[in-house]
Amino acid sequence: MAQATKAQNCHETGTLTEITNEKPVIALIGMPNSGKTTLFNSLTGSNFKTSNYPGATVEYSTGNLAGKYDFESGVLDSPGIVSLNPSSPDEEIAIDGLFNHPRFGLPNVVIITADSTQISRQLFLVKQVIDSGFKTIIALTMNDLLGRKGLEIDSEKLSEVLGIPVVKINSKKGTGLRELIEESKKIILLYNIEHLSSKIYKPSHPTEEAIAKLYDFTEETEQKVLIHNDKQVSIDVINKKVFRTLQRKPDENSMKLDKFFLHPFWGIIIFIISMGIIFTSIFWIAQPLMDLVDSAFSSLSSAVSNFLPGNTWYSDLITNGVINGFGSVMVFVPQIVILFILLGLLEDTGYLARAAMLIDRPLTKFGLNGRSFIPMLSGYACAIPAIMAARTISNRYERFLTIMIIPLMSCSARLPVYALLLAFLVPPSTPWIAGIGLGALYLFSLISGAVVAGIISKFKKTDEKSTFMLELPPYRTPVFRHIFKNTYYKSAVYVKQAGPTIIIISLLLWALTYFPNTSPQIETGSSNVTEQQINRIIESERLNTSYAATIGKYVFEPVLKPLGWDWRVGVSLISAFAAREVFVSAMAITFNITEDSDNSDNLQKSILTSMRNAKSTDGTQPLFTTASTIALIIYFMFAMQCLSTVAVARKETGSWKIPLMQIVVYTFMAYILAFITYNGLNLLGIR
Amino acid sequence: MNSKSVADLNIGESAVITSVGDDCIDVHCHCLRLMELGFTPGQEVTVVAKSPFKNPLAISVRGTIIALRKGEAECIKINSNGSGD
């Protein structure tokens, strides 16, 4: 039951192109790195990528056969699997989808991609699928790589042994694809799917004997079909021993490169340098782009407001609610895009799997797994794709622990908040101190994640055995087209998943700050007031009498006072539940209006001015001191301030337990630590 | 019965698998998975690389390289005359 729901959910988010029920369905399956996703791209022309890192296809992806094949059929892609016996959630998704897809039912044809350079391994899955009763076609990939070893596969012979069609393909050059579709067409026209379905059954868990027997068969087959491609070579030359060692040797270049990249010393140095490059590029490349998006939306907002009648609730809704809401969604896109391009590069070259291997041992100390590395790294862009990426972790407990700590990773939404608060703390003459501070915050978020994971794993023991079995794909030159497509897809997932929540909460916040006193009456006795000043007083009065202010003053102020904050900070914190970055624009709304500030400056400078002018509730002390601002930073490091993350964590773990724990534990931690920071600093005399 | 395993091999050394999971305490350990991945008796394996602390190890089998933890590699028993050819 739970499995069915899981599959359905995945399907909902993974669907790019809808396939109608009447159309036949071709399912693509294959072992990780067997060229399955490249084939999917070539068949459908859809926006997907080939993955070098096992488990990159974390969602189903569906598409229709490209028009040039002149045949109407849906195509279904799924995560790579090793056998029909799943060992991780992503494999479960793939296998469940094959046998009982929530929407498409059974596929008419199954195309299995098989890497011809490791045919004895790849035929294992092929044989299992054939034995399950599916109408199957083999698409042999990597034939050129095998050719470089001086070998080739006799596809006719293989077809004869297995009793199914075998087609050699090269997805990048497009060879063999038409033939593959022709074979699929024949099967689809020949067999009725209802008739087939009675013959298909899911195999039970295999025994050691069954696996050994299956491998005996694949080895036997390998001996029959693997031949020298040089026809001149006489049988005598094909020394049995040489032939045997040649056929099962991994890619020579990869073995050479691994001596360096997986070197006990140099491997670690390379790892640290590559991570360093990733994080510095997030800062130095993304920040100006984020500023650009930010200012683009502010100028759009002011341009639109010129066209709308002033002082009506709907003009305010459009400029302050809708446009700013969209702006807060789009402002993270540059950072997410840059991180995913870099991750994609590492993935496509084959390095990411090695990085996971290098970091496995240290991560196990905190109850995590080498496979937690990629989700954690993605968490620095956005927790949403990061939590979804945790599906490749087979151990349930480690997977949940990884999901648990992902919100602590310093996601891109925190960057604008930190940038603002650090700018407040650091004098403008020494901006490099802010840079160091930001680096320290990033490092600290990693440490706090590790500490939390370590503490949880101390208290909660599990019987489930932890494993780390990861195929290291051959090193390849990355294909930029694929990386960009994949980055586009992942960024789109972010916009689709997080976007609506952020916009809805932005609108809600707008309503709370705008109503009920939509046109406050003010006294304009003196004639020296300009229209601009009148507007500001109106806005200020409206906010001061708004629902948000009422809630803020009576609910938040008592709670936040021990941390040195007032109701306006409280309202900004609540709005940050849409996305942490909304804190900045909410501060702009709550402070710019209530405090005197110069609107001609840019957003950050005007907020900073308002922050410096802001007084505490009794009006005697400045509200933002070094202590209360540092406490705010500490709060943001821990607080679970993102409803989209809560929603995704609920979906991915299948219950409310983890998301509720995240909300309660992290918010409590954030509050306590901010309290300690504020009062501790005050005791030390730092105000 | 010798108990030499893949974990005992040095980088670059090869050996032939004799059994998988014979001494494993847990019946439902991941030995079946190891076999599914291609580590079956009779196969030749080579240790390609080792992480710092010698864990995990990168092992070549059936034309691919698979990273395994030391504990998993210890489930894969080999013949005692493993050589560095």
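Refer to the structure printed above.
Every value quoted in this text rests on a predicted model; they were computed, and no experiment measured them. (Residues numbered from 1 in each chain as written. Chains lettered and ligands numbered in written order. Predicted model: local features only at pLDDT ≥ 70, side-chain atom pairs only at ≥ 80, totals over all residues. Heavy atoms only, no water.)

### Considering the overall build of chain B
Link 1 in the chain: From N to C terminus, chain B includes 2 helices and 5 strands.
Link 2 in the chain: Helices and strands in chain B line up, N terminus first, as β-α-β-β-β-α-β.
Link 3 in the chain: Burial analysis of chain B (85 residues in total) assigns 59% to the buried set.
Link 4 in the chain: Excluding contacts between residues fewer than 6 apart, the proportion of contacts in chain B whose partners are at least 24 apart in sequence is 59%.
Link 5 in the chain: Of the accessible surface of chain B, which amounts to about 3200 Å², a share of 51% is contributed by carbon and sulfur atoms. (Helix = DSSP H or I, 4+ residues; strand = E, 2+ residues; numbered from the N terminus. Buried < 20%, exposed > 50% of the residue type's maximum accessible area, 1.4 Å probe, protein only. Contact = heavy atoms within 4.5 Å. Areas by Shrake-Rupley, 256 points an atom, 1.4 Å probe, with all protein chains shown as cover.)

### A look at the pattern of salt bridges
Link 1 in the chain: Under the definition given, this model contains 15 salt bridges over all chains.
Link 2 in the chain: Between A:D566 and A:R568 there is a salt bridge, with the nearest N and O atoms lying 2.9 Å from each other. Comparing A:D566 with A:R568 shows no difference in burial state: the two are buried.
Link 3 in the chain: Connected through salt bridges with shared partners, the residues A:E91, B:R33 and B:E36 form a single ionic network. (Salt bridge = Lys/Arg side-chain N within 4 Å of Asp/Glu carboxyl O.)

### Side note on the interface of chain A and chain B
Link 1 in the chain: Each partner contributes residues to the interface: chain A has 45 residues there, and chain B has 35 residues.
Link 2 in the chain: Summing the contributions of chain A and of chain B, the shared interface buries around 3500 Å²; its carbon and sulfur component is 58%.
Link 3 in the chain: One can count 3 salt bridges joining chain A with chain B.
Link 4 in the chain: A salt bridge links A:E91 to B:R33; its shortest N-O distance comes to 2.4 Å.
Link 5 in the chain: Connecting chain A to chain B are 17 residue pairs in polar contact (both at pLDDT 80 or more).
Link 6 in the chain: Secondary-structure elements contributing two or more residues to the side of chain A that touches chain B are α4 (119-131), α9 (208-225), α11 (252-261), α15 (351-364) and β9 (469-472) of chain A.
Link 7 in the chain: Considered class by class, the residues forming the side of chain A that touches chain B number 18 nonpolar, 14 polar and 13 charged. (Buried area = accessible area lost by both parts, 1.4 Å probe. Polar contact = N/O pair within 3.5 Å; in protein donor to acceptor, adjacent residues only side chain to side chain. Nonpolar A, V, L, I, M, F, W, Y, C, P; charged D, E, K, R; others polar.)

### Focus on the sheet that holds strand β3 (residues 57-61) of chain B
Link 1 in the chain: Here we have 6 strands laid out as an open sheet, ordered β9(A)-β4(B)-β3(B)-β2(B)-β1(B)-β5(B), and antiparallel in their pairing. Sheet topology places β9 of chain A together with β5 (76-78) of chain B at the edges, where each strand pairs with a single neighbour. With strand direction ignored, the average angle separating the axes of adjacent strands in the sheet is 45°.
Link 2 in the chain: Note: β9(A) against strand β4 (residues 64-68) of chain B, 4 bridges, orientation antiparallel. For A:L472, the partnering residue across the bridge sits in β4(B) and is B:I65. (Pairing = 2+ DSSP bridges. Axes fitted to C-alpha atoms, helices over the stretch in contact; angles between N-to-C directions.)

### Regarding the nonpolar core
One broad rule of soluble globular proteins: the nonpolar side chains tend to lie buried together.
Link 1 in the chain: Counting 126 residues, the largest nonpolar core has A:F373, A:W565 and A:F624 as the members making the most contacts within it.
Link 2 in the chain: Of the domains in this structure, domain 2 (266-306 + 313-412 + 434-492) and domain 3 (497-520 + 528-683) of chain A are the two that each give at least three residues to this core.
Link 3 in the chain: The residues touching A:F373, leaving out its near neighbours within four places in the chain, are A:F271, A:M275, A:L352, A:A355, A:A356, A:I359 and A:L363.
Link 4 in the chain: Counting 60 residues, the second largest nonpolar core, distinct from the first, contains A:A114, A:F134, A:L214 and B:V47. (Core = buried A, V, L, I, M, F, W, Y, C linked by side-chain atoms within 4.5 Å. Domains from an automatic or database assignment.)

### Some points on helix α2 (residues 36-44) of chain A
Link 1 in the chain: A large share of α2(A) lies buried, amounting to 9 of its 9 residues.
Link 2 in the chain: A:G45 lies just past α2(A) and shows a positive phi near 65°.

### Here we look at the sheet that holds strand β7 (residues 166-168) of chain A
Residue and element names in this part refer to chain A.
Link 1 in the chain: Across the sheet, which stays open at both edges, the 6 strands sit in the order β2-β3-β1-β4-β5-β7 with mixed pairing between neighbours. Because the sheet does not close on itself, it has two edges, and the strands there are β2 (61-64) and β7. On average, adjacent strands in this sheet sit at an angle of 25° to one another, irrespective of strand direction.
Link 2 in the chain: In the packing of α4 onto the sheet, contacts are made with β1 (25-30), β4 (109-115) and β5 (136-141), and the angle to β4 comes to roughly 165°.

### Let's talk about the packing of aromatic side chains
Residue and element names in this part refer to chain A.
Link 1 in the chain: Tallied over the entire structure, the rule returns 17 aromatic pairs over all chains.
Link 2 in the chain: Ring centres 5.0 Å apart and planes at 20° place the aromatic pair W510 and Y514 in the stacked group. In this pair, W510 and Y514 are both assigned in helix α21 (residues 480-514), 4 residues apart and thus about one turn of the helix distant.
Link 3 in the chain: Residue class for W510 comes out buried when judged on its relative accessible area of 7%.
Link 4 in the chain: On the accessibility criterion, Y514 (3% relative accessible area) is buried.
Link 5 in the chain: With a centroid separation of 4.8 Å and 65° between ring planes, the pair formed by F583 and F636 is classed as edge-to-face. With F583 in helix α25 (residues 582-594) and F636 in helix α27 (residues 626-638), this residue pair connects regions lying 53 residues apart in the sequence. As far as burial versus exposure is concerned, F583 and F636 are alike and both buried.
Link 6 in the chain: Through a chain of ring-to-ring contacts, three or more aromatic side chains come together here, namely F260, F261, Y351 and Y475.
Link 7 in the chain: Above the face of the Y475 ring, R354 is positioned so that its terminal group lies 4.0 Å from the ring centre. (Phe/Tyr/Trp six-rings, centres within 6.5 Å; stacked < 30°, edge-to-face > 60°. Lys NZ or Arg CZ within 6 Å of the ring centre and 35° of its normal.)

### Let's talk about unusual backbone geometry
Link 1 in the chain: Backbone torsion omega between A:F515 and A:P516 reads 0°, so that peptide bond is classified as cis.
Link 2 in the chain: At the junction of B:N55 and B:P56, the peptide bond is cis and its omega measures out at -5° in the coordinates.
Link 3 in the chain: By the secondary structure assignment, B:P56 is in the loop between β2 (44-50) and β3.
Link 4 in the chain: Here A:N33, not a glycine, exhibits a phi torsion of approximately 65°, which is positive.
Link 5 in the chain: Here A:N33 is to be found in the loop between β1 and α2.
Link 6 in the chain: The class of A:N33 is buried, set by a relative accessible area of 10%.
Link 7 in the chain: A positive phi angle, close to 50°, is found at B:R62, a residue other than glycine.
Link 8 in the chain: If you trace the backbone, B:R62 turns up in the loop between β3 and β4.

### Comments concerning helix α20 (residues 431-459) of chain A
Link 1 in the chain: In this model, α20(A) (29 residues) spans 42 Å end to end at C-alpha, consistent with the 42 Å of a helix rising 1.5 Å per residue.
Link 2 in the chain: Among the residues making up α20(A), those that are buried are A:A434, A:L438, A:L441, A:Y442, A:S445, A:S448, A:G449, A:A450, A:V452, A:A453, A:G454 and A:S457. (Expected span 1.5 Å × (residues − 1).)

### Description of the environment of B:F39
All names here are of chain B.
Link 1 in the chain: Following the sequence through the fold, F39 ends up in the loop between α1 (31-36) and β2.
Link 2 in the chain: By relative accessible area, which is 0% here, F39 ends up buried.
Link 3 in the chain: With 27 residues separating them along the chain, F39 and I66 place their C-alpha atoms 10.0 Å apart.
Link 4 in the chain: Every residue in contact with F39, bar those within four places of it in the chain, is listed here: I17, V20, L34, V45, I59, V61, I66, L68 and I76.

### Examining the pairing of strand β3 (residues 74-77) of chain A
Residue and element names in this part refer to chain A.
Link 1 in the chain: Residues G74 and L76 line one face of β3 and the alternating positions V75 and D77 line the opposite face, and both faces are buried.
Link 2 in the chain: Bridging between β1 and β3 involves 3 bridges; their strand directions are parallel. In the sheet register, A27 faces β3, and the bridge partner there is L76.
Link 3 in the chain: Note: β2 against β3, 4 bridges, orientation antiparallel. Counterpart to G63 in the pairing with β3 is V75.

### Points about the environment of A:A453
Residue and element names in this part refer to chain A.
Link 1 in the chain: As for its position among the elements, A453 is in helix α20.
Link 2 in the chain: Residue A453 is classed as buried on the basis of its relative accessible area of 0%.
Link 3 in the chain: Other than its neighbours up to four places away in sequence, A453 contacts F366, L368, L401 and I405.

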